[in-house]
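# Summary of structural features
Each chain, letter by letter, is given below.
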Amino acid sequence: MMRLKVTFPHMGYNWVCFKTLVEGMGAEAFLPDYNNVKQLDPGLKHSPEWICFPFKVTLGNFIAALEDGCKVIAMATDCGPCRFGFYYAVQERILRDLGYDFEMKYLPQGDLLTFEWVDLLKSLCPDKSLFNNYLVFRTARLFLMKCQLVQDIEKYEGLTRCYEINPGETTQIAKKCVQMVDAANRYYKLRQLRSRIRRMFREIPQRKRNGTLKVGLTGEIHVTLDPFTNHDIKRKLGELGCEVHMDLSLYDWIVHKFHLNFHRKYLEYLSKTHKKIGGLQMDIGGEAYWVLGEYINWAKRGFDGFVHTYPFTCMPEITAKSIITKWYGDRIFDLPPAFFPFDEHAGEAGFVTRLEAYVELLKTRKEKMKNGTRRN
Ligand code: SF4
């Protein structure tokens, strides 16, 4: 039986989950390198200039894989409402025009309860007998368990880094945990990993400090979860002394698409109930709908800062940005937001300067609030 060699887009630590989807069905996974400048180059060269940055990054992933002899691409798609719904079709067209010979498999993710994803998984399996029904079930379960563990790693990483005594230890532990998740392919092992990962982060030598800033990080999913694309903003915030809270993850997104994400339902409720001041009433694409809910939620919980990351030309996230800017400007919520758009032109030095200035502003504000010297 011939095994298909399948590739998929790179998005932070989530490669371990996508790899399981492919290998669980008996195909061979082609792992693109972590996103980097060299890989991005052909993606930029062959993409329309105005298109969203994640389109260019993922096209770069696919070109690298095809150049390496990979013949099958697996890509998610949606039914709108933004440009993501067209990614796979336009990317396929571009790659064919470039002369590559390959098969594009797409995964409609608009509503995972339609179970269309089952057909995609079965098509990867060289064994066409009834046995592949069992493989689909097993693979989907392993995938979800790994997504949940990656989410845990992302969360602990954000909450721990600002307290670490030995610089860089949190990053090392996070990478080690990702490797452990990748290596485990049994349910019981993955179950054991949950408490082990928690313990590993707890055992990092830490020094608790008074006045640590509590900052929420959210935004468009690809940019927010991929450290290359967002210039490693989570790590930088941690190193600047911020406890970084993040609810966004691949697991969060998948569970939402299975209609089981009650946290997202709550965020939707928050956005909807603020209709009179501009809260969105429906999903307009990207994460905009939930970003507004996150902002309200974190403002109510007394967070010190709110960081919103998104691709430079992303219409839904820019809409969310405008609404949040107005809310803060009109003093409806007292949570200072910072907005970081990213594309291939985003310079590192300017970005770091803005981030440092924002954190300094938050520190001064917190200090003044503590001393009771803050003027409204
Ligand atoms: S969410 Fe934004 S970046 Fe992503 S496809 Fe939609 S418009 Fe483009």
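Our subject is the structure that appears above.
Residues numbered from 1 in each chain as written. Predicted model: local features only at pLDDT ≥ 70, side-chain atom pairs only at ≥ 80, totals over all residues. Heavy atoms only, no water.

## A closer look at the nonpolar core
One broad rule of soluble globular proteins: the nonpolar side chains tend to lie buried together. Trp117, Ile153, Ile197 and Leu237 are the most contacted members of the largest nonpolar core, which has 94 residues in total. With 10 residues, helix 6 (residues 131-160) is the single largest residue contributor to this core. Setting aside anything within four residues of it in sequence, one finds leucine 237 in contact with Val215, Cys242, Val244, Val307, Leu355 and Val359. The next biggest cluster of nonpolar side chains, apart from the first, holds 16 residues, and it includes Phe55, Phe62, Tyr88 and Tyr100. (Core = buried A, V, L, I, M, F, W, Y, C linked by side-chain atoms within 4.5 Å. Buried < 20%, exposed > 50% of the residue type's maximum accessible area, 1.4 Å probe, protein only. Helix = DSSP H or I, 4+ residues; strand = E, 2+ residues; numbered from the N terminus. Contact = heavy atoms within 4.5 Å.)

## Quick notes on the site of the ligand
The ligand sits among Cys52, Cys82, Arg83, Phe84, Tyr87, Glu220, Gly286, Pro311, Cys314 and Pro316. Here the shell around the ligand is built from residues that sort into 7 nonpolar, 1 polar and 2 charged. The two domains that each donate at least three residues to the shell around the ligand are domain 1 (5-128) and domain 3 (211-376). (Near = heavy atom within 4 Å. Nonpolar A, V, L, I, M, F, W, Y, C, P; charged D, E, K, R; others polar. Domains from an automatic or database assignment.)

## Structural notes on the sheet that holds strand 5 (residues 213-219)
Sheet architecture is open: 4 strands sit in the order 6-5-7-8, paired in parallel fashion. Every interior strand has two partners, whereas the edge strands, strand 6 (242-245) and strand 8 (337-342), have only one. With strand direction ignored, the average angle separating the axes of adjacent strands in the sheet is 25 degrees. Pairing of strand 7 (residues 305-311) with strand 8 involves 6 bridges; the strand directions are parallel. Each bridged residue has a counterpart across the sheet, and for proline 311 the counterpart in strand 8 is phenylalanine 342. The sheet contacts of helix 13 (residues 288-300) involve strand 5, strand 6, strand 7 and strand 8, and relative to strand 5 the element is tilted by about 170 degrees. (Pairing = 2+ DSSP bridges. Axes fitted to C-alpha atoms, helices over the stretch in contact; angles between N-to-C directions.)

## Quick look at the layout of surface pockets
Taken as a whole, the largest pocket encloses approximately 1,100 Å³ of empty space. For the largest pocket, the lining is made up of 47 residues, of which Ala76, Phe84, Gln109, Leu250 and Trp253 are closest to its centre. In this structure, the second largest pocket spans a volume of roughly 370 Å³. For the second largest pocket, the lining is made up of 20 residues, of which Tyr13, Glu157, Pro227, Phe228 and Asp232 are closest to its centre. With 3 residues, helix 10 (residues 233-239) is the largest single contributor of residues to the lining of the second largest pocket. Tallied by class, residues from the lining of the second largest pocket come to 8 nonpolar, 4 polar and 8 charged. (1 Å grid on protein atoms, 1.4 Å probe; cavity = no way out; pocket = protein on both sides within 12 Å on 5 of 7 lines; lining within 4 Å. Points joined across faces, edges and corners; volume = space filled by probe spheres on them.)

## Structural notes on the packing of helix 1 (residues 15-24) against helix 7 (residues 169-183)
Remark: helix 1 packs on helix 7, axes separated minimally by 9 Å, with the N-to-C direction vectors making an angle of 10 degrees. Put simply, helix 1 runs roughly parallel to helix 7. Where helix 1 approaches helix 7, its residues Trp15, Val16 and Lys19 are matched on the opposing element by Val178, Gln179, Val181 and Asp182. Along the lines of polarity and charge, the residues of the contact of helix 1 with helix 7 split into 4 nonpolar, 1 polar and 2 charged. (Parallel < 35°, antiparallel > 145°, perpendicular 65-115°, else oblique.)

## Quick look at empty space enclosed by the protein
All chains considered together, the criterion is met by 1 cavity of 30 Å³ or more. Taken as a whole, the largest cavity encloses approximately 60 Å³ of empty space. Lining the largest cavity are Thr218, Asp247, Leu248, Asp252, Arg264, Leu267, Glu287, Trp290, Val291 and Glu294. Sorting the residues of the lining of the largest cavity by element identifies helix 12 (262-273) and helix 13 as the ones contributing at least two each. Here the element with the most residues in the lining of the largest cavity is helix 13; it accounts for 3 residues. Its residues placed into classes, the lining of the largest cavity shows 4 nonpolar, 1 polar and 5 charged.

## Topic: the side chain of asparagine 297
Topologically, asparagine 297 is positioned in helix 13. Those residues in contact with asparagine 297 that lie beyond four places of it in its chain are His263, Tyr266, Leu267 and Leu270.

## Focus on the sheet that holds strand 2 (residues 28-30)
Strand order in the open sheet made by the 4 strands is 2-1-3-4, with parallel pairing throughout. The open sheet has two free edges, formed respectively by strand 2 and strand 4 (103-108), since each of these has just one partner strand. The sheet shows a mean angle of 35 degrees between the axes of neighbouring strands, direction not considered. Across 6 bridges, the pairing between strand 3 (residues 72-77) and strand 4 is parallel. The residue bridging threonine 77 from the neighbouring strand is proline 108, located in strand 4. Seen against the sheet, helix 4 (residues 84-97) touches strand 3 and strand 4 and runs at an angle of roughly 155 degrees to strand 3.

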